[in-house]
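Fold and contact review
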Amino acid sequence: MDLEALNKIAVKMVTPGKGILAADESTGTIKKRFDSISTESTFEKRRDWREMLFRTDKAMQDHISGVILYDETIRQDAKDGTSLVDLLHANDAIPGIKVDMGTTPLAGRPGETVTQGLDGLRERLAEYYELGARFAKWRAVIEISHPDQYVGATPTLGGIKANTHALGRYAALCQEAGIVPIVEPEVLMGGHHSVERCHEVTEMALNSLFTELYEQGVALEGVILKPNMVVAGQKCADQPSREEIAERTIKVLKDTVPAAVPGIAFLSGGQDNEEATRNLDMMNKIGGFPWKMTYSYGRALQQSALKAWMGDDANYDAAQIAFYKRAHMNGLASKGEWSSALENA
Ligand code: 13P
């Protein structure tokens, strides 16, 4: 393992002012996104949408350090025949790849899932490296059950461990292949749970994750963590302030994440655009932690552009303007330099 090379990639992924664009929606997920704009999800339309994002001037060069691609996209060419990977290289954005194969119900643990995709992963990583990928993503999903549920409440320690074990195995294989693993243990934000419960479960998941990374020989200097922020469930009546979200998130990370990790790139998880920007900005304004903190957003970078595009080429410019705006605002947030005045300018 060339740790120096891995560390160089990881550090570049979290360059201040930049973050990661998660454009790795599976065919099923992108179909849902396209359904919301009444657009049929075809091979060409998916290409058009992603090509439009990757060709957005200034958004890409100034605010996107890397892009997480899906298996289809890493092999796809732009309309003019340039490969989409080469489009990213032209913008100095690092190509990444989602390598997990989604979740499956965890046997013996009703209500919990485990992420699959370890079988054959060594061979798939070797191919993705050849195709240009220098980082990868694996997402584990941790769901908090309703606060009134005592019997069969989730997550269980067994459920968390099954998922973090897979993350450790995946991360070790990535590093062997010269690929930086993004490790993503996502505590979902749907549901009725309190911010305190999210804090507790996030702490459990991150502790378990870093134990696994240690036990499986993963070098932390060559890893990027992609966590959720500590928020209340969307259906919880009692919603925390932006300050509380920032303070709790920083605390849980300080309590669990070693300083050797170069950077933390958050998922947006269903937060609305401005919320995801504001919360990241608040953490960077507070500061006092050893890692770079930035974004690895899917929805919070793409949603407004998707609505502007509506699947119609005539809206190409409007969609690029919307994407640039989110990339720019999040770029500022990654340095703690965002403000509502700039947002509304
Ligand atoms: P969201 O920002 O939409 O949560 O997506 C990020 C991601 O890559 C989830 O795995």
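Cut-offs applied
- Residues numbered from 1 in each chain as written.
- Predicted model: local features only at pLDDT ≥ 70, side-chain atom pairs only at ≥ 80, totals over all residues.
- Heavy atoms only, no water.
- Phe/Tyr/Trp six-rings, centres within 6.5 Å; stacked < 30°, edge-to-face > 60°.
- Lys NZ or Arg CZ within 6 Å of the ring centre and 35° of its normal.
- Near = heavy atom within 4 Å.
- Polar contact = N/O pair within 3.5 Å; in protein donor to acceptor, adjacent residues only side chain to side chain.
- Areas by Shrake-Rupley, 256 points an atom, 1.4 Å probe, with all protein chains shown as cover.
- Core = buried A, V, L, I, M, F, W, Y, C linked by side-chain atoms within 4.5 Å.
- Buried < 20%, exposed > 50% of the residue type's maximum accessible area, 1.4 Å probe, protein only.
- Helix = DSSP H or I, 4+ residues; strand = E, 2+ residues; numbered from the N terminus.
- Contact = heavy atoms within 4.5 Å.
- Pairing = 2+ DSSP bridges.
- Expected span 1.5 Å × (residues − 1).
- Axes fitted to C-alpha atoms, helices over the stretch in contact; angles between N-to-C directions.

The full count for this structure, using the stated rule, is five aromatic pairs. Note on Tyr 295 and Tyr 297: the rings are 5.8 Å apart at their centroids and 40° apart in plane angle, and the pair reads as tilted. Taken together, the ring pairs connect Phe 34, Trp 49 and Trp 309 into an aromatic cluster. Above the plane of the ring of Tyr 129 lies Arg 134, whose end atom (NZ or CZ) is 3.6 Å from the centre.

Lining the immediate environment of the ligand, one finds 13 residues, of which Lys 137, Lys 226, Ser 268, Gly 269 and Arg 299 sit closest. Glu 184 is positioned with one of its side-chain polar atoms (N or O) 2.9 Å from an oxygen atom of the ligand. In the environment of the ligand, an oxygen atom lies 2.6 Å from a nitrogen or oxygen atom belonging to the side chain of Lys 226. Protein chains bury 92% of the 300 Å² of accessible surface belonging to the ligand in isolation.

Within the largest apolar cluster, 90 residues are counted, with the highest numbers of intra-cluster contacts made by Phe 54, Tyr 170, Leu 253 and Met 293. Counting residues per element, this core draws most heavily on helix H9 (residues 195–215), at eight residues. With sequence-adjacent residues up to four places away left out, Phe 54 is seen in contact with Leu 21, Ala 23, Met 60, Val 67, Leu 69, Thr 73, Leu 84, Leu 87, Leu 88 and Asn 91. Counting residues in hydrophobic clusters, the runner-up holds 14 residues, among them Ile 9, Ala 10, Met 13 and Val 180.

Glancing now at the pairing of strand S2 (residues 64–69). The buried fraction of S2 amounts to six of the six residues, a majority that puts the element mostly inside the structure. The sheet contact formed by strand S1 (residues 19–22) and S2 spans four bridges and is parallel. If you follow Ile 20 over to S2, its bridge partner there is Gly 66. Bridge count between S2 and strand S3 (residues 94–98): four bridges; the pairing is parallel. Counterpart to Ile 68 in the pairing with S3 is Gly 96.

The next thing to look at is helix H8 (residues 157–176). End to end, H8 covers 28 Å across 20 residues, agreeing with the expected 28 Å (1.5 Å per residue, within 8%). When we look at burial in H8, the residues that qualify are Gly 159, Ile 160, Asn 163, Thr 164, Ala 166, Leu 167, Gly 168, Tyr 170, Ala 171, Leu 173, Cys 174 and Gln 175. On its buried face, H8 sits against helix H1 (3–13), strand S5 (113–115), helix H7 (121–131), strand S6 (135–142), strand S7 (180–187) and H9. Downstream of H8 by a residue or two, Gly 178 has a phi angle that is positive, lying close to 80°.

Along the chain, Lys 98 falls in strand S3. The exposure class assigned to Lys 98 is buried, which follows from its relative accessible area of 14%. Among all residues touching Lys 98, those that are not within four sequence positions of it are Asp 24, Ser 26, Ile 68, Leu 69, Tyr 70 and Lys 137.

Here we take up the sheet that holds S6. With parallel pairing, the eight strands of this closed barrel are ordered in space as S1-S2-S3-S6-S7-S8-S9-S10. Pairing of S7 with strand S8 (residues 224–225) involves two bridges; the strand directions are parallel. Within S8, the position partnered with Val 183 by the bridge is Leu 225. Where H1 meets the sheet, its contacts fall on S1, S2, S3, S6, S7, S8 and strand S10 (292–297), and the angle it forms with S7 comes to roughly 50°. Contacting strand S9 (263–266) and S10, helix H11 (residues 273–286) runs over the sheet at an angle of about 170° to S10.

What follows is about the environment of Pro 110. Among the structural elements, Pro 110 can be located in the loop between strand S4 (103–105) and S5. Measuring from C-alpha to C-alpha, the distance between Pro 110 and Gly 152 comes to 7.5 Å, with 42 residues separating the pair along the chain.

Now for unusual backbone geometry. Between Thr 154 and Pro 155 the backbone carries a cis peptide bond, its omega angle lying at 0°. Positionally, Pro 155 belongs in the loop between S6 and H8. With a phi angle near 60°, Asp 92 is a residue other than glycine that sits in the positive phi range. Counting through the fold element by element, Asp 92 comes out in the loop between helix H6 (84–90) and S3. Relative accessible area serves as the criterion here: at 42%, Asp 92 is assigned to the partly exposed category. Not every positive phi belongs to a glycine, and Met 310 is a case in point at roughly 55°.

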